[in-house]
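Observations on chain architecture
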Number of protein chains: 2
Amino acid sequence: MHAQVTPLSVPALREACSQCNLRELCLPVGLSPEELGQLDELVDTRRRVLRGQHIYRSGDPFEALYAIKTGFFKTDVLLEDGRDQVTGFQMAGEILGLDGIGTEKHACNAIALEDSEVCVIPFIDLENYSREIGALQHHFHKVMSREIVRDHGVMMLLGIMRAEERLAAFLLNLSQRFTARGYSPTEFNLRMTRNEIGSYLGLKLETVSRAFSRFQDEGLITVHQKHIQILEVAGLKKLLSERRN
Amino acid sequence: MHAQVTPLSVPALREACSQCNLRELCLPVGLSPEELGQLDELVDTRRRVLRGQHIYRSGDPFEALYAIKTGFFKTDVLLEDGRDQVTGFQMAGEILGLDGIGTEKHACNAIALEDSEVCVIPFIDLENYSREIGALQHHFHKVMSREIVRDHGVMMLLGIMRAEERLAAFLLNLSQRFTARGYSPTEFNLRMTRNEIGSYLGLKLETVSRAFSRFQDEGLITVHQKHIQILEVAGLKKLLSERRN
DNA sequence: GATTCACGTTGACGCAGATCAAAGCTCACG
DNA sequence: CGTGAGCTTTGATCTGCGTCAACGTGAATC
């Protein structure tokens, strides 16, 4: 079904989680060393996904979750009439595929925005292991819960914030996630287009572009194409809290 | 902390789930009769919640999930600046509190829109039981996953639909959920105000009111205050699919 | 049955962001 | 190194919904 996706050779996979430098961010959080060893068997393959390729598509049968080892993804949903919306951007250590559990079919498309690598976690195995390893079970529940809370945050974005607030919140969120991964909080490259940002934020690409320009004029950030430098974190945060009404 | 909430006497609780007529909608879905019997111990109390009362508030420590036995709720989130947004409306058989698992604190407020009754499910017990009962574990995962998918649907609403589409989608969603509970698909009373509908849909109450009036003028529905009758389901559905572009 | 209060409806007007249009920038490819 | 394609920026104009304001309505209370 996904012929374009290349599985890695099995030998490379032993000690998948226990040696992974993302284990403090990803599913293994909170496990003891022995439990971590058990988890190595949970990840049965890794897959390389080239930029533009799907890991799964809306409607595909759900079988596994995907932990992002390296790279950057977006998820989106298509309406019958052709309109679509980006529902999230995911980076290393985050889990893709949670949308498929409920109906046994994926409810969105997951697309690599750069060449990436994911760990395939067959869901049935995850459920089995989490019956044995309480810490895994609990952490998995936390991951799902946080996804729900994150979505509520996006609903707030879309429901009550104005364009510039949305973009400021978006940049601050990216900054924080890059920080957690050891990258610069203030300087990074966007992996997505203005159109994709707009789709995520419920705005048109022109509006996103104008907001970037406005932030730059005000000295809050510098923008060179996809390269963003945040000059005044506080200024962006102020945009979110200070509200005329 | 919630002094206003009245726990029911314990004797009333034995056989909580196994006798509940919501067991086909709620957490016990897919359990065998014996497993169902085990579940009866999971629900340790029920609570009456009067209209306007909270089951929990944002920031409260997370300890339990709440299965709605009767009644109707909303969840909302407040921003520091006073703006707030309704993140969902919940009815019998649905689970409240999933937002608290990730951080051990509730991330929103849950408020009864009519006098209601909820089953209290201590989360630690749920995790314990679901380690023993695979079907419970799996169904709980489905419940969480569906919540994520539902939220994505709301994101689509807020991100790309126009006012009348949002309201049509809202009415159709209510209709479908009432149907699943054995009520009329075409005639029901709204438990929430125009303001609350607007907050959920990212619209102002005036816009909601105008859209209701417009639907009525077009013969799609009749509106008498909170009483709604859907005259043309197909007409509402058409609003969603037919899109000028 | 008069009073009140929360909620809802309707109209007039304004504005944030959409839409339409044109031009610039960057990079891949022959 | 010239060409083209995709992405981005910027300007001009339009419009759906927000805002403000006034009035209507039904249910509760006395």
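Residue numbers restart at each chain and count upward from 1, following the sequence in its written direction. Key to labels: chains lettered from A, ligands numbered from 1, both in the order written. Totals for whole chains, interfaces and linings use every residue, but because this is a predicted model, local features are given only for residues with pLDDT of at least 70 and side-chain atom pairs only at 80 or more, for both listing and counting. Here the side-chain values reflect all heavy atoms present in the structure, with hydrogen atoms and water set aside.

It is worth spelling out unusual backbone geometry at this point. At Gln-225 of chain A, a position not held by glycine, the phi torsion is positive, near 55°. Only DSSP runs of H or I covering at least 4 residues are called helices, and only runs of E covering at least 2 are called strands; the numbering of each starts at the N terminus. Within the secondary structure, Gln-225 of chain A is located in the loop between strand S11 (221-224) and strand S12 (227-230).

What counts as a salt bridge is simple: a side-chain nitrogen of Lys or Arg found within 4 Å of a carboxyl oxygen of Asp or Glu. According to the stated counting rule, one finds 26 salt bridges over all chains in the structure shown. Close ionic contact of Glu-117 of chain A with Arg-48 of chain A constitutes a salt bridge, the shortest N to O distance being 3.3 Å. Here Arg-48 of chain A lies in strand S2 (residues 45-49) and Glu-117 of chain A lies in strand S9 (residues 116-122), a separation of 69 residues in the sequence. Burial status follows relative accessibility: with a 1.4 Å probe on protein chains alone, a residue under 20% of its type maximum counts as buried, one over 50% as exposed, and anything between as partly exposed. Residue Glu-117 of chain A is classed as buried on the basis of its relative accessible area of 11%. As a salt-bridge pair, Glu-218 of chain B and Arg-214 of chain B come within 3.5 Å of each other at their nearest N and O atoms. On the basis of relative accessibility, which here comes to 39%, the residue Glu-218 of chain B falls in the partly exposed class. Put simply, Arg-46, Arg-48 and Glu-117 of chain A are held in one network by salt bridges that share partners.

Our next topic: the state of the cysteines. Pairs of cysteine sulfur atoms within 2.5 Å are what we label disulfides. Throughout the structure, instances matching the rule amount to zero disulfides over all chains. In this model Cys-20 of chain B remains outside any disulfide bridge; the closest cysteine sulfur is found in Cys-119 of chain B, 6.1 Å from its own.

This brings us to the pairing of strand S9 (residues 116-122) of chain B. Residue and element names in this part refer to chain B. By the criterion of burial, S9 is predominantly enclosed, with seven of the seven residues buried. Side chains Ser-116, Val-118, Val-120 and Pro-122 project from S9 onto one buried face, and the interleaved Glu-117, Cys-119 and Ile-121 project onto a second face that is buried too. As defined by bridge partners, strand S2 (residues 45-49) adjoins S9 across five bridges and the pair is classed as antiparallel. Its bridge partner being in S9, Arg-48 is matched across the sheet by Glu-117. Across six bridges, the pairing between strand S4 (residues 64-70) and S9 is antiparallel. Each bridged residue has a counterpart across the sheet, and for Tyr-66 the counterpart in S9 is Val-120. Strand pairing requires that DSSP identify at least two bridges connecting the strands.

Note on definitions. A residue lies near a molecule or strand when any single heavy atom of the residue is within 4 Å of it. Around DNA strand D, the surrounding shell holds 17 residues, and the nearest of these are Ser-209 and Ser-213 of chain A together with Ala-163, Thr-207 and Gln-225 of chain B. Near the protein, meaning within 4 Å, the atoms of DNA strand D are sugar or phosphate in a fraction of 66%, with bases accounting for the rest. At a separation of 2.8 Å, a phosphate oxygen of DNA strand D approaches a polar backbone atom of Arg-194 of chain A. Definition of a polar contact: a pair of N or O atoms within 3.5 Å, with one able to donate and the other able to accept a hydrogen when the atoms are protein atoms, and with sequence-neighbouring residues admitted only if both atoms are side-chain atoms. At 2.2 Å from a phosphate oxygen of DNA strand D is found a side-chain nitrogen or oxygen belonging to Thr-207 of chain B. Mapped onto the surface near DNA strand D, the elements with two or more residues apiece are helix H6 (205-217) of chain A together with helix H6 (205-217) of chain B. Sorting elements by how many residues they give to the surface near DNA strand D places H6 of chain A first, with five residues.

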